[in-house]
Structures are given as structure tokens and as C-alpha cells.
Amino acid sequence: MPRAFYVTTPIYYISGNPHIGHAYTTIAADVLVRAARANGPAFSLTGTDEHGQKVANAAAAAGMTPQAYVDSLAPRWRELAPAFDAQFDDFIRTTDARHIRACQAVFEKLVATGDVYQGTYEGWYCTNDETFWPESKLIDGRCPNPECRRPVEWLAEEDWFFRLSAYRDRLIAYFKENPEFCRPQSVYNEMMATLEGGLDDLSISRTSFDWGIPLPGGVMYVWFDALLNYISATGWLDDPARFETLWPASVQLIGKEIARFHTIIWPAMLWALGLEAPARVFAHGWILSDGQKMSKSLGNAFDPFALAQTYGADSIRYFLLREAPFGSDFSVSEEKLRVRHNADLGNDLGNLLRRSLAMLTKYRNGLVPPASESAIGERFGELGTTVYDHVMSLRFREALDATWELIAALNRDIDDKKPWELYKHERTDELDALLYELCEGLRWLAILVHPFMPAKATAIWHQLGLEGTPSVAWPENLQWGGLAANTQTNPGDALFPRIEAPAPA
Ligand code: MSP
């Protein structure tokens, strides 16, 4: 079997509801995997992180067993990707039997190799973050995470430890030899500084509660359990032939707050298992609300399902990836969403389609004229490669910027060449050339924006009279002139009907 382009999202904490920050990672993963899939096999994974004391406490508060509690929450998380038209090949829950079996097999293997050993652990523990903090990091005796700041408790237990310290030199060498492994550069620098500061072994078991994967004398530390989802879901234990086609992952997408787990602890775990580190971990920025990271616990979160309902999945996908460079923080507001929806999507792209097909209907009965060369056609030639490279390098905003330049150029060409005048003066060749350029340009645009806005791109495709979906292998199979003469176009509804601001209350 050929190797697949394998993309993952973090597995989201199951307690609480999804918010637009979770949707952001899920959407970015889907855009990447859709672009990759146009050129070959691809595979994407998402899921839920369901163990740990926080979940056990929440279940107890709800008067439920932890299993019944997580089962009641899982469906909401499963709905997140489909609400944004994101297609995942698998959804893993850390309570899945396949995952639990794989984690236990990992533990046994690492005990056998000596990478996991038994010792005593004492330290300050934050239950909310499921993290031990050194005394020097505490702020007024509380958890130093600015979103948490809850009291910490002193824990002393007989624990199992992972020999993380033994991998420090290899990690430093790996970072230096593979700068693309940890992106963007700001996160790379921060992780390098952490590595240079030294690494302690990691406690990987807990004895103070029992909602987790059973180990001799306790349960597995929730982060050790959670990271393993990326290999338990892809057959590391049960299906080695399948696993071979998927591991190492091509891109693991995360938010920057969990970079240490994914770029330091995770590769060391993989190496201890004799596996390769992922090709790339990309830590994106935060969606802010009122200047702070949007999060459920701060009560400043947007409900992604309500937003998708109001603006449409594709407008939100577009907005999130156009609004800021991938890797930077940015803030979201309904006002900003409306502006992008109405201006970039409605006026620029939607009107280009509407105007072009209306003129084609009026001047040529809706039939595409014969192919012709044009200056804009030449610019498009480079655009296919540029956009593809940007997407595959997670420069989503740059991909959209480049695409929108061409949308602007096509709109300008209509204004400059004034097809209504060409028609009036019977300058048929020029009129045909312009109409062809517009239709062929729109065919290209449908292909280029398809990973970002699959439904709207398909609508453009159908209005152009084309069948199926615009998932063409590009840039290779994307050449100017591909739209056949006499294709009968099929103008339809406005792509992005205007959304007005609600009247002030
Ligand atoms: N369960 C862990 C991850 C384990 S992965 C082996 C976790 N879960 S989480 O529910 O807190 O989700 C974290 C991820 O959701 C972030 O890393 C990021 O991808 C996404 N986001 C959550 N809030 C976000 C923002 N405000 N902004 C951007 N992304 C956000 O950590």
C-alpha cells in the first residue's frame, strides 16, 4: 500500500462543549488533508481525550459514572467536524478498547526496555491542568497557568517514570537537523530553550484516582495516554501493515500551549518504542476574545455550531484561515466575520461568478467560447503551484491572499474591458476572449479554493456546467485552457447572500 499523507488534530478534552478554537484546528487539518488528497492517499484523525481526574470529578458532580459521563459528551464532539464540512477518516476516543490495549502494550514494552521504571514522586499538582509544577513556578502558591490559577495540592506517590532525560541530547540534535519538525520558528525557539534548560524524567502514573488506563498500582498519566492516540488509532498494535502506511505522521497540528508535549515528550516516547518522530508538528496561535485565549473556563467562547448556522461552514472556514497568518494569535468577532463574508466572499468572489455567468448568458446563450490565451491566464499558470505550496506549508493566509489577487484581477478586467461595450460594437473576438478568461479563471478558482470551501467551490463548479467536484490533482493537472468550448453553464443562486448586522436592541 502506498504511504498516505497523515494529518492529526489534538484530541480534545471531552468535558465542556466545543468552541470555535477547537473548530479552528479541525478546519485547518481538513484544508491540509483535502489538498493532499487531491494528489494521493491521505488520512486524517481527530478524537477526544477522556481520562483524568477532572473528568472523574465532573462525572461525580453530575451523579454519573465516568464512563456514562463521557459517553454522554462524545456525540457533541463527533458533530464538530461535520458541522464545518471537515471529513475525518477516524475518530478516536481514549476510552476505546483499541486505545487502552495499545497503551498497555506500550507500557509493557517500555518497562521491558528500561525506558519506564518505578520510583517515588513528590510535588505540587494542579488537577485542572493535570500537571505537576515545580515550586519555583507557582504564583502565590497557585497554578501558574494564567487561565487556571487554582490552588495546587502536594502529591507523594509511588510512580512509574518515563526516562525522558535520556533523550535530551537526541532531541536537541533532532531539532537542529530538522528545523521543519517544529514550526513556527517562535515555538521552535521556545522548545530549544526548554531542552537546553534540561529535562527531568516524567511521572507517567497516578495513584490518587482511578479514572484512567490501568497500570500496576495506578492509572496512566492522562498526557501519556493521550499522546498515544496518534498510533493506537492507526494500527500500531493491531494492524502493522496499515501502520506502516501511516507512520510517521506528515503533519500534527496543535495549539501552541501543548507544544512541549508534542515536540519533546512525544518524539522521545516514539523513539523509546523504536518509531520515528512525526515529520512536522505545527503549533498554531490562539483565537483571542477580549484579548485573552478563548476558552470554555473563561466564559469568553463562541459556540461553533451557532456560528456555522448563521454564516455557513465555508464562510467560517475562510474567515479563520484568512484573518491571520497561521501561527499567530488573532481575535474573532461577528463584525469581522460579517465583513469578510460580505466583502471578500460576496462582493469579490460571489459577484465575479454572478457577473461572468450573467454576461455569458446574455451574450452567448450561456455557452463557453473557444479557449484563448490571455495575460491573466499566464498569471494563473504560476498561481496553481504557489497556492499549493502555501497550503502544504501551512501558509493558509498567503494561499488565500494570492488567490484573492487573481479574483481582483478578473474583476478589474471586467471593469476595464467593459464587455457591454465590446458587445455593442460587435468586437466579438475580444468579447469571447474575455468571457473565456472569466469562465476558465473561475474553474481554476473553484479548484484552488476547494480545500478551503468545499461546498461553495463545488457550487461554482456546477454553475460552470461541470460535473462532480473540483478535486483535481493540482498543480500538475491544472492547465489553462481546460474548460471546453461550448460547455453549457448553469447560473444559480448567489453564493454568499449578504448578511446584515442585527439591528441594535
Ligand atoms: N486533550 C489535550 C490535547 C491532547 S493531544 C494528545 C487538550 N485538549 S483541549 O480540549 O484543551 O484542546 C486543545 C486544542 O484545541 C488546542 O491545542 C488547539 O488546537 C485547540 N484550541 C482550543 N482553544 C483554542 C483557542 N482559543 N485558539 C486556538 N486553538 C484552540 O489540550
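The written sequence of each chain sets the order in which its residues are numbered from 1. Under the rules for a predicted model, residues below a pLDDT of 70 receive no local features and side-chain atom pairs below 80 are neither given nor counted, while totals for whole chains, interfaces and linings still include all residues. Excluded from the side-chain calculations are hydrogens and water; all other atoms, namely the structure's heavy atoms, are used.

Enquirer: Explanation requested: the packing of helix α16 (residues 396-417) against helix α18 (residues 428-449) in the structure shown.
Expert: Packed helix pairs are characterised by how far apart their axes lie and by the angle those axes make with each other. The contact between α16 and α18 brings their axes to 11 Å, and the two run at 165°. Looking at the two axes, α16 sits roughly antiparallel to α18. Crossing handedness for the pair α16 and α18: left-handed. Each of Thr403, Trp404, Ile407, Leu410, Asp413, Ile414 and Lys417 in α16 lies in contact with α18, whose residues at this interface are Leu434, Glu437, Leu438, Gly441, Leu445 and Val449. Throughout, an axis means a line fitted to C-alpha atoms (over the contacting stretch in the case of helices), and angles, computed between N-to-C directions, take values from 0 to 180 degrees. Strands are runs of DSSP state E lasting at least 2 residues, helices are runs of H or I lasting at least 4, and numbering of each runs from the N terminus. Roughly parallel covers angles under 35 degrees, roughly antiparallel covers those over 145, roughly perpendicular covers 65 to 115, and oblique covers all other angles. It is the rotation of the near helix from the far one that decides the hand of a crossing: anticlockwise by less than a right angle makes it left-handed, clockwise makes it right-handed. It only takes one pair of heavy atoms within 4.5 Å for two residues to be counted as in contact.

Enquirer: What should I look at first to understand the site of the ligand in this one?
Expert: A cutoff of 4 Å decides nearness: a residue is near a molecule or strand if any of its heavy atoms lies inside that distance of it. Around the ligand, the structure places 26 residues, and the nearest of them are Ile11, Thr25, Asp49, Glu257 and Ile287. As used in this structure description, the phrase polar contact means that two N or O atoms lie within 3.5 Å; if the pair is within protein, one of them must be able to donate a hydrogen and the other to accept it, and residues adjacent in sequence are counted only when both atoms belong to side chains. Here a nitrogen atom of the ligand sits 2.8 Å away from a polar atom, N or O, in the main chain of Ile11. Thr25 is positioned such that a nitrogen or oxygen atom in its side chain is 2.7 Å from an oxygen atom of the ligand. Computed by Shrake-Rupley with a 1.4 Å probe, the accessible areas treat only the displayed protein chains as cover when residues are assessed. Relative to its unbound accessible area of 670 Å², the ligand is 95% covered by the protein chains.

Enquirer: Where do I start with empty space enclosed by the protein in this structure?
Expert: Cavities and pockets were defined on a 1 Å grid built from protein atoms only: a cavity is a group of points that admits a 1.4 Å probe but offers it no way out, a pocket is an open group of points flanked by protein on both sides within 12 Å along at least five of seven lines, and a lining residue is one with an atom within 4 Å of any such point. Grid points are joined across faces, edges and corners, and a volume is the space filled by probe spheres set on the points. Inspection of every chain in the model, using the stated rule, returns two cavities of 30 Å³ or more. When its volume is computed, the largest cavity comes out at roughly 60 Å³. What lines the largest cavity is Tyr12, Thr26, Thr46, Gly47, Trp77, Arg78, Leu80, Ala81 and Phe91. Counting only elements with at least two residues in the lining of the largest cavity, the list comes to β2 (42-49), α3 (66-78) and α4 (80-83). Taken as a whole, the second largest cavity holds about 40 Å³ of empty space.

Enquirer: Honestly, the sheet that holds strand β11 (residues 218-220) in this entry has me stumped. Any pointers?
Expert: Whenever strands of a sheet pair, they do so through backbone hydrogen bonds, lying parallel or antiparallel. Taking strand neighbours across the sheet as the criterion, the three strands line up as β9-β11-β10 in an open arrangement whose pairing is antiparallel. With one partner strand each, in any of the chains shown, β9 (205-206) and β10 (214-215) form the two edges of the open sheet. For two strands to count as paired, DSSP must find a minimum of two bridges between them. Here β10 runs beside β11; their pairing, made up of two bridges, is antiparallel. In the strand pairing of β11, Pro214 is matched with Val219.

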